[in-house]
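As a plain string of letters, each chain reads:
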Amino acid sequence: MRTEVIKIDEENIDIEAIKKAGQIIKEGGLVAFPTETVYGLGGDALNPGSSKKIYAAKGRPSDNPLIVHVCCMDDVAGLVKEIPESARLLADKYWPGPLTMIMNKSDRVPYETTGGLDTVAVRMPVHKTALELIKYSGGYIAAPSANISGRPSPTSAKYVIEDMDGRIEMIIDGGEVEIGLESTIVDLTGDVPMILRPGYITAQMLEETLGTVDQDKTMMSGDCKDKPKAPGMKYRHYAPKGELTIVSGQRSDVVNYINEQASRAMEKGIKVGIIGTEENIASYRGDSIKSVGSIADEAMIAHRLYGILREFDDEDVREMYSESFDTCGIGQAIMNRLLKAAGHNVVKI
Ligand code: TXA
Ligand code: MG
């Protein structure tokens, strides 16, 4: 299949181009598009055939449900049995935005889209191109991240092209995304709301609106016997080509440990990559040293993380070491993704 790549400027949207993309989705085709979190791989959420194509294009297990993207609150009613009060409160505050809410699905949503579940994940993104595309696609776009299963979610169109060229009808290039990590997922179907995936909208922000909010125990722990409640979180999101170790402890001890490990590996001819914060970066010795941003700027760390992991793969790095990050605020989402990439391989010194 030939994949058409078109550029769309969020500040000056070419509506004719969006209409063409929308038509592809209406006819059962797939279009990758930018959102504020990561790029999505979009198909018609109400068309079972489209969802099957999404799984095939990603190489993703079909028991891993897709998020349905909407562009207005009125359209949510068509997807769910009822809109819980908690969802209305959160939508008032955080939609459009990087928050996904799980509700009981209506009969309109095919099981192909929900991976066989009776619940549906719904998100209204804030990215203007995404909102226009949803509008001109019929209102409901099922979209997982636009990466091949097992690779980091794409934060710019070049990574989407790397993974999806030849597999889908169209890629909309909207430049680099803003946030860089996937949306927060909160399940509103139980007595107490539960966070299934941490993101830019933090637990504290959700608690301010809803009171008590639970967190899926498996989010930050590797040796938990329970199964994650978001089926997708059970997969090792991103399996780097090399071995990633997260090192936590006092700043100077971390730097020394990583440098010792790096020089031991390099003596053996193994290519080493290091992810460090701006404050420490000059102290490292390794083949490929990447600054993820300042310790104080978590938004920047989130924004850069997936790009760095992709670069290490491209450079064929075989051993990787990363500093550990605080788990408050968006730091929890950063550590959740890093822990998954590392298969929970953490050295505490
Ligand atoms: O920021 C995002 O959410 C991006 C952009 C494109 O919007 N999308 C995204 O989709 O990250 P994906 O498919 O990569 O991740 C969706 C996650 C998976 O872990 C999946 O298991 C979970 O959401 N999920 C979807 N529907 C669910 C449901 N009904 N119950 C529990 N988990 C669900
Ligand atoms: Mg994904």
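Residues numbered from 1 in each chain as written. Chains lettered and ligands numbered in written order. Predicted model: local features only at pLDDT ≥ 70, side-chain atom pairs only at ≥ 80, totals over all residues. Heavy atoms only, no water.

Novice: It is not clear to me how the pattern of salt bridges should be interpreted in this structure. Could you clarify?
Specialist: Pairing between side chains of opposite charge can happen when the charged atoms of each approach one another. In total, this model carries 17 salt bridges according to the counting rule given. Taking the shortest distance from any N to any O, the salt bridge between Glu-16 and Lys-19 comes out at 3.6 Å. Taken as a pair, Glu-16 and Lys-19 lie in helix 1 (residues 15-26) at a separation of 3 residues, close to a single helical turn. Owing to a relative accessible area of 55%, Glu-16 belongs among the exposed residues under this scheme. According to the relative accessible area criterion, Lys-19 is partly exposed, its value standing at 36%. Where Arg-310 meets Asp-163, a salt bridge forms, and the shortest distance between an N and an O atom there is 2.9 Å. With Arg-310 in helix 9 (residues 298-314) and Asp-163 in helix 6 (residues 157-164), the pair connects residues that are 147 residues apart, well separated along the chain. Relative accessible area serves as the criterion here: at 5%, Asp-163 is assigned to the buried category. Ionic contacts of the salt-bridge type, sharing partners, join the residues Arg-151, Glu-162, Asp-163, Arg-310 and Asp-313 into one network. (Salt bridge = Lys/Arg side-chain N within 4 Å of Asp/Glu carboxyl O. Helix = DSSP H or I, 4+ residues; strand = E, 2+ residues; numbered from the N terminus. Buried < 20%, exposed > 50% of the residue type's maximum accessible area, 1.4 Å probe, protein only.)

Novice: Got a minute to help me understand the site of ligand 1 in this structure?
Specialist: Looking at ligand 1, there are 29 residues lining it, with Thr-37, Arg-60, His-69, Ser-183 and Gly-232 nearest. At a separation of 2.8 Å, an oxygen atom of ligand 1 approaches a polar side-chain atom of Arg-60. Here Arg-197 contributes a side-chain N or O atom positioned 2.9 Å from an oxygen atom of ligand 1. The fraction of the free accessible surface of ligand 1 (690 Å²) that becomes covered by protein chains is 97%. For the shell around ligand 1, the elements supplying multiple residues, two or more each, are strand 4 (67-69), strand 6 (119-123) and strand 10 (194-197). At 4 residues, strand 6 tops the list of elements feeding residues into the shell around ligand 1. Grouping the amino acids of the shell around ligand 1 by side-chain chemistry returns 16 nonpolar, 8 polar and 5 charged. (Near = heavy atom within 4 Å. Polar contact = N/O pair within 3.5 Å; in protein donor to acceptor, adjacent residues only side chain to side chain. Areas by Shrake-Rupley, 256 points an atom, 1.4 Å probe, with all protein chains shown as cover. Nonpolar A, V, L, I, M, F, W, Y, C, P; charged D, E, K, R; others polar.)

Novice: Mind showing me how you'd approach the side chain of Asp-187 here?
Specialist: As for its position among the elements, Asp-187 is in strand 9 (residues 184-187). Of the buried charged residues, Asp-187 lacks a salt bridge, with Lys-229 as the closest side chain of opposite charge at 8.1 Å. Here the side chain of Asp-187 touches Thr-189 through a polar contact of 2.7 Å, side chain to side chain. Discounting chain neighbours no more than four positions away, the residues touching Asp-187 are Ile-102, Val-192, Pro-193, Met-194 and Leu-196. (Lys, Arg positive; Asp, Glu negative; His and termini not counted. Contact = heavy atoms within 4.5 Å.)

Novice: Teacher, can you tell me more about the nonpolar core here?
Specialist: Generally speaking, nonpolar side chains in soluble globular proteins are found buried as a group. The biggest cluster of nonpolar side chains holds 44 residues, and the ones touching the most others in it are Leu-99 and Met-101. Elements with a minimum of two residues in this core: helix 2 (48-58), helix 3 (85-94), strand 5 (99-104), strand 6, helix 6 and helix 7 (203-210). Broken down by element, this core gets its largest block of residues, 4 residues, from helix 3. Look past the residues within four positions of Leu-99 in its chain and what remains in contact with it is Leu-90, Tyr-94, Val-122, Arg-123, Ser-183, Thr-184, Val-186, Ile-201 and Leu-206. Among the nonpolar cores identified, the runner-up in size contains 24 residues, and Tyr-306, Ile-308, Phe-312 and Val-317 belong to it. (Core = buried A, V, L, I, M, F, W, Y, C linked by side-chain atoms within 4.5 Å.)

Novice: How should I be thinking about the sheet that holds strand 14 (residues 288-291) in this particular structure?
Specialist: Within a sheet, each strand pairs with its neighbour through backbone hydrogen bonds, oriented either parallel or antiparallel. Strand order across the open sheet formed by 5 strands is 14-13-15-12-16, with parallel pairing between neighbours. Bordering the open sheet on either side are strand 14 and strand 16 (346-348), each of which pairs with just one other strand. Strand-to-strand twist in this sheet, taken as the mean axis angle between neighbours without regard to direction, amounts to 20°. By the bridge criterion, 5 bridges tie strand 12 (residues 243-248) to strand 15 (residues 319-323) in an arrangement that is parallel. If you follow Ile-246 over to strand 15, its bridge partner there is Ser-322. Packed on one face of the sheet, helix 8 (residues 251-267) meets strand 12, strand 13 (272-276), strand 15 and strand 16 and runs near 175° to strand 15. Against the sheet, helix 10 (residues 331-341) engages strand 12, strand 15 and strand 16, with an angle of about 135° to strand 12. (Pairing = 2+ DSSP bridges. Axes fitted to C-alpha atoms, helices over the stretch in contact; angles between N-to-C directions.)

Novice: Explanation requested: the domain arrangement of the protein in the structure shown.
Specialist: Accessible area lost on assembly of the parts is the figure often given for the size of an interface. Domain annotation of the protein identifies domain 1 (4-215) and domain 2 (243-348). One C-alpha centre belongs to domain 1, the other to domain 2; they are set 29 Å apart. Of all residues in domain 1, Pro-152, Leu-181 and Pro-198 give up the largest surface area on contact with domain 2, accounting jointly for 37% of the area buried on that side. Residue Arg-337 pairs with Glu-182 through a salt bridge whose shortest N-O separation is 2.8 Å. Linking domain 1 with domain 2 are 11 residue pairs in polar contact (both at pLDDT 80 or more), by the criterion used here. Residue contributions to the side of domain 1 that touches domain 2 peak at 3 residues, all from helix 6. Its residues placed into classes, the side of domain 1 that touches domain 2 shows 8 nonpolar, 8 polar and 7 charged. (Domains from an automatic or database assignment. Buried area = accessible area lost by both parts, 1.4 Å probe.)

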